[in-house]
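Reading the structure
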Amino acid sequence: MIVKGRGIAKGSASGKMLVSDAPLSFLSGVDPESGVIIEKGHPLEGRSIAGTVFAFPYGKGSTVGSYVMYALSRNEKAPAAIINIEAEPIIATGAIISGIPMVDHLEVGLSDLPEGAEVTVDGDEGTVAWEA
Amino acid sequence: MQLEPEDEQILNGEYGETRQKMMELLVGLGKVFGADELIPITSAQVSGASYKTIGKWGLEWLRKMDAKVVVPTVLNPIGMDRLRWKEMEIPEDFAAKQKEVVEAYEHLGIELECTCTPYYLSITQFGEHLAWAESSAVCYANSVIGARTNREGGPAALAAGIIGKTPFYGLHIFKNRQPDVGVVIDDPSDLKDAADFGALGYVAGKSIGNRIPFFTGIRPNRDQLKAMGAAMAASGAVALFHVDTITPETRFPAFKKDVPDTIEVSMAEVREVFSAMDVDAVAVGCPHLSPEELETLSSMLIGKTVTKPFFVFAARGVIADHPQAVSAIERSGAKVYADTCVVVSPALDRYDRIMVNSGKALAYVPTMCGAVARIGTLEECVTVATS
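Residues numbered from 1 in each chain as written. Chains lettered and ligands numbered in written order. Predicted model: local features only at pLDDT ≥ 70, side-chain atom pairs only at ≥ 80, totals over all residues.

In the nomenclature of an unreviewed UniProt entry, chain B is known as Phosphomevalonate dehydratase large subunit of Methanofollis aquaemaris. Quoted verbatim from the Function (unreviewed entry) field of the UniProt record, the comment on chain B reads "Component of a hydro-lyase that catalyzes the dehydration of mevalonate 5-phosphate (MVA5P) to form trans-anhydromevalonate 5-phosphate (tAHMP). Involved in the archaeal mevalonate (MVA) pathway, which provides fundamental precursors for isoprenoid biosynthesis, such as isopentenyl diphosphate (IPP) and dimethylallyl diphosphate (DMAPP)." Recorded in UniProt for chain B, the comment headed Sequence similarities (unreviewed entry) runs: "Belongs to the AcnX type II large subunit family." (UniProt positions renumbered as here; feature names shortened; annotations may be inferred.)

Chain A has the name Phosphomevalonate dehydratase small subunit in an unreviewed UniProt entry, where Methanofollis aquaemaris is given as its organism. Turning to chain A, the UniProt record has this under Catalytic activity (unreviewed entry): "(R)-5-phosphomevalonate = (2E)-3-methyl-5-phosphooxypent-2-enoate + H2O". Within the UniProt record for chain A, the comment given under Sequence similarities (unreviewed entry) is "Belongs to the AcnX type II small subunit family."

Structure follows, in structure tokens:
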């Protein structure tokens, strides 16, 4: 199964699909040392996003969040790839400076993505692929 | 996005990894904002200059970069005066980290000017495209000068400085610069000092939000426009405002004066912002003082001695060009610091009640310094500091 979208940050990577329907602030929302979501009340609070293909609607909060994404990648705790409904500058900047492939504007909704399955994101082509 | 052949080569890595990454960032953000092309800029101003904001990972990211900016690029204010930080009682460890950040930017060819008023240092002209990051500088450049810039994030402004271009969207496009809300003031004759206009901006910005306001019935000068815009950028998210017959774009035949919505601001509300509270310290220069403001302050302080800590902030270049005014101010016991300001410096954290002459500082001092703020005119600030 291949779904099309728009490439925001280049590169290709695979990981286990993790889907959240809540927006996320990386600053004070994700622990840069462990990759665990620490935002109080976030649906994925306590879960790690390290190595996952992490899908969420869009980023929120401080622009310093971009540097937190860079910190995650230096600590090898960043998501393998990111999928957003609508890219905004904080996540786009963080993904690009950290070399995390990222796509948005998928032709399917986030709930149509296969939670837990092995998924490949291609940021150059703007596609998401998995074995259906 | 449509790219020039050379930009394609940069994107393909032919001009090194740093430029490739920076081009990738401009193209990526261009997609986010729906830009079709990149346009050349004449200068950049980079935020994320304080170690407090970018932290160790931001510093490490900067250190890995290897390219030089191709247009004049300056920094946002940092947490201390680069030379007089000891006098400001900045902790050694903070100063050391701050120096490392500044050095990393210097390595990229950035001028060591850390200011929210880059327009006093190099001439910025009507119609020029810029990539500036600090909210009051963006507001002044767009509104008072008629240059064109979006409010950039730190990495995006740095990328624009290194590539010399920025994505063409938002306030770079003339049709996006038309006003969408009118602002009228019931008793504008009461607006006299820059602090009055700062207080007006502080009040009006809350209802304006991120819209583009069109003011009628007021005639602020440049320093007053600066104070008003800075306050609206802080209490709202104003990046461009127009004042009828005063700011340059309102004189264009294509300028649309018929706005869909109008806000009324009462001077009673503006006056309420002023108080007579006792304070522990006084700070002026938010945004950094203009040469005229520096001269005015020095003449007000002649023969006087401060009895409370009095902080004065201005761009290093402006300070260097006005040595007599600066020494006159410092003879009173006031301190004139460069590179930093009341909002970003930890030096002000030790005071509980701070008097300012700025609507922007009034908006930020409570959260950034954890202090109560009182606004007054420049003259009132001098009176309070010397009585």
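On we go.
1. What about the nonpolar core?
Residue and element names in this part refer to chain B. With 175 residues, the main nonpolar core has Val 312, Val 342, Ile 354 and Val 356 as its most contacted residues. Among the elements that make up this core, the one with the highest residue count is helix 7 (residues 194–208) (nine residues). Other than its neighbours up to four places away in sequence, Val 342 contacts Ala 283, Cys 286, Phe 311, Phe 313, Leu 348, Ile 354, Val 356, Ala 361 and Val 365. (Core = buried A, V, L, I, M, F, W, Y, C linked by C-beta atoms within 7 Å. Buried ≥ 20, exposed ≤ 12 C-beta atoms within 10 Å, placed from the backbone. Helix = DSSP H or I, 4+ residues; strand = E, 2+ residues; numbered from the N terminus. Contact = placed C-beta atoms within 7 Å.)

2. A look at the UniProt feature "domain: Phosphomevalonate dehydratase small subunit-like" (unreviewed entry) in chain A
Under the feature "domain: Phosphomevalonate dehydratase small subunit-like" (unreviewed entry), the UniProt entry names residues 24–103 of chain A. As annotated, residues 24–103 of chain A has a helix share of 25% and a strand share of 12%, and its two end C-alpha atoms lie 16 Å apart.

3. Digging into the interface of chain A and chain B
At the interface, 19 residues of chain A touch 18 residues of chain B. Every element with two or more residues in the side of chain A that touches chain B is listed here: strand 2 (6–9), helix 1 (65–74) and helix 2 (89–98) of chain A.

4. Focus on the sheet that holds strand 4 (residues 130–131) of chain B
Residue and element names in this part refer to chain B. Spatial ordering of the open sheet is given by 3-2-4, a layout of three strands whose pairing is parallel. Whereas interior strands pair on both sides, the edge strands pair on one side only; in this sheet they are strand 3 (73–75) and strand 4. With two bridges joining them, strand 2 (residues 43–46) and strand 4 adopt parallel strand pairing. When the bridges of strand 4 are listed, Ala 44 appears paired with Ala 131. Along the sheet, helix 6 (residues 154–163) contacts strand 2, strand 3 and strand 4; its crossing angle with strand 2, the most-contacted strand, is approximately 150°. (Pairing = 2+ DSSP bridges. Axes fitted to C-alpha atoms, helices over the stretch in contact; angles between N-to-C directions.)

5. Remarks on the UniProt feature "domain: Phosphomevalonate dehydratase large subunit-like" (unreviewed entry) in chain B
UniProt's entry tags residues 1–382 of chain B with the feature "domain: Phosphomevalonate dehydratase large subunit-like" (unreviewed entry), counted in the numbering of this structure. Overall, residues 1–382 of chain B shows 39% helix and 13% strand. The separation of its end C-alpha atoms is 54 Å.

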